[in-house]
Amino acid sequence: MVLDRPSQLLVVLAAEALVGYPQAVYRAVRHPVVWIGALISVFETRLNRGGPPMRRFAGCVLLMLLIAVSAIAGWALERAGDASPLAMVVVLLAASTMLAQRSLKDHVVAVLRPLESGHLEEARRCVSRIVGRDTAALDAQGVATAAIESLAESFCDGIVAPAFWFLIGGLPGLFVCKAINTADSMVGHTDERHRAFGWAVARADDLVNLVPARIAGLLICIAGLGGWRTMVRDAPLHASPNGGWPEAAMAGVLARQLGGPVAYAGEYAFRAQLGTGPRPDATSLCAALNVYWRACLLMWLTVAGLAWLS
């Protein structure tokens, strides 16, 4: 029996939520995102040279290479899955490594536990694994804010966007989405070295997340039974054309204030305030996790509805 794409996605979501990416497998073959990152690092070292025009051209070359390699790998794996039901199971398990429902929850829970017990230094250390900002001087509210923002944004980047592009383009779509997202996190910055080189990747990431970010915000609002007004009002204030939608939605649902100035490598950066009310605390982070799980469930039900209609 050949599964339609929504049914395949349900299998992928279930496999990732139940199993995640086992540490034994990670130690043996590493995560596919690590492979993508290694490829990007090689190209960045060799191509990111010269003046801004040359760096921007090199960044466009990197983007085209990533799209080609990822699409071909996804297509080859998809064709291999047509050989037999067992091969299809292996392919779907491979696809599950590109989503992050379980791992995102685990990383945020790792921040929540020491925050709840008053171990601020440990909470800072754990949150530093999932955010790029400086965390050494964060107070408890700063740690909770960083974790909630990462949870909301990663719900889009790590779950909704890969699922969306799997539905649209199968494994090639999924692999291209993850490759672009990984490249953006590595080189899509505005510092002097990456401003020109990472321009193409950053714009591609904006395009890849354009629809998923709005879907993610919608799911968060439905899961939290509110937040609509805050999302629509504050999402355009975010520096990213997409990141503000899930973050503002979460701020509205929790009735807490997100955003605000942060420091990167010792330099403060202005960020707009999202939402109103007090700054988040450990209780807010626990509530955000509950909203996150309900939003994931809503996505599952939506995909199941698509499978039923197919």
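Refer to the preceding data block for the structure.
Structure report, in brief. The residue numbers shown here count from 1 along each chain, following its written sequence. The predicted nature of this model means local features are confined to residues of pLDDT at least 70 and side-chain atom pairs, given and counted, to a pLDDT of 80 or more, with totals for whole chains, interfaces and linings taken over all residues. Hydrogens and water molecules were not included; the side-chain quantities draw on all heavy atoms of the structure.

## Some thoughts on the overall build of the protein chain
To be explicit about the condition: A run of DSSP states H or I qualifies as a helix once it reaches four residues; a run of E qualifies as a strand once it reaches two. Both are numbered from the N-terminal end. Radius of gyration: over C-alpha atoms. The globule rule applied is 2.2 Å multiplied by the number of residues raised to the 0.38 power. Remark: exposure states derive from per-residue accessible area (1.4 Å probe, protein chains only) relative to the maximum for the residue type, with buried under 20%, exposed over 50%, and partly exposed in between. The criterion used for residue contact is that any of the two residues' heavy atoms lie within 4.5 Å. Here the Shrake-Rupley method, with its probe set to 1.4 Å, supplies the accessible areas, and only the displayed protein chains count as covering residues. A residue counts as positive if it is Lys or Arg and as negative if it is Asp or Glu; His and the chain ends are not included. Charged groups are reduced to one reference atom each: NZ for lysine, CZ for arginine, CG for aspartic acid, CD for glutamic acid.
Scanning the protein chain from N- to C-terminus turns up 13 helices and four strands. Taking 310 residues into account, the globule formula puts the C-alpha radius of gyration at 19 Å, and the protein chain, at 19 Å, falls close to it. By principal-axis analysis of the C-alpha atoms, the protein chain measures approximately 55 × 50 × 40 Å. In the protein chain, which comprises 310 residues, the proportion classed as buried is 50%. Nonlocal contacts in the protein chain, meaning residues at least 24 apart in sequence, comprise 69% of its contacts between residues at least 6 apart. Carbon and sulfur atoms make up 66% of the accessible area of the protein chain, which totals about 14900 Å². Between the averaged position of the 26 positive side-chain charges in the protein chain and that of its 23 negative side-chain charges there is a distance of 2 Å.

## A few points about the pattern of salt bridges
The following threshold applies: By definition here, a salt bridge exists when the distance from a side-chain nitrogen of Lys or Arg to a carboxyl oxygen of Asp or Glu is within 4 Å.
Summed over all chains, the structure comprises nine salt bridges. In this structure, the salt-bridge partner of E149 is R271, at a minimum N-O distance of 3.0 Å. Residue E149 is found in helix α8 (residues 140–187), and its partner R271 is found in the loop between β3 (267–269) and β4 (273–274); the two are separated by 122 residues along the sequence. Like E149, the residue R271 is buried in the burial classification. Residues joined by salt bridges that share partners form a network here, namely R133, E149 and R271.

## Quick look at helix α5 (residues 85–96)
Note: α-helices contain 3.6 residues per turn, so residues at a spacing of three or four share the same orientation. For clarity, the cut-off: Helix span, as expected, comes to 1.5 Å for every residue beyond the first.
The terminal C-alpha atoms of α5 lie 17 Å apart, and with 12 residues this matches the ideal 16 Å at 1.5 Å per residue to within 8%. Looking at α5, one finds that the buried residues are A87, M88, V91, L92, A95 and S96. Each element contacted by the buried residues of α5 is listed here: α1 (5–19), α4 (52–81) and α8.

## Observations concerning unusual backbone geometry
Look at L225: it is not a glycine, yet its phi comes out positive at around 55°. As for its position among the elements, L225 is in the loop between α10 (210–224) and α11 (228–234). Judged by relative accessible area, L225 falls into the exposed class, the value being 78%. Although it is not a glycine, A255 adopts a positive phi angle of roughly 55°. Considering the arrangement of structural elements, one finds A255 in the loop between α12 (244–254) and β1 (258–259). Classification of A255 by relative accessible area gives partly exposed; the value is 42%.

## Looking at the packing of aromatic side chains
The test is simple: A pair of Phe, Tyr and Trp rings is counted when the ring centres sit within 6.5 Å of each other, with Trp represented by its six-membered ring. The angle between the planes then sorts it: under 30 degrees is stacked, over 60 is edge-to-face, the rest tilted.
Summed over the entire model, instances satisfying the criterion amount to three aromatic pairs. Between the aromatic rings of F155 and Y292, the centroid separation amounts to 5.9 Å while the plane-to-plane angle is 85°, which identifies the pairing as edge-to-face. One end of the pair, F155, is in helix α8; the other, Y292, is in helix α13 (residues 282–309), and 137 residues separate them in sequence. For the pair F155 and Y292, a shared accessibility class is recorded, and that class is buried. Between Y292 and W293 the ring centres are 5.4 Å apart and the planes differ by 55°, which places this aromatic pair in the tilted class. Aromatic rings pair up to connect F155, Y292 and W293 into one cluster.

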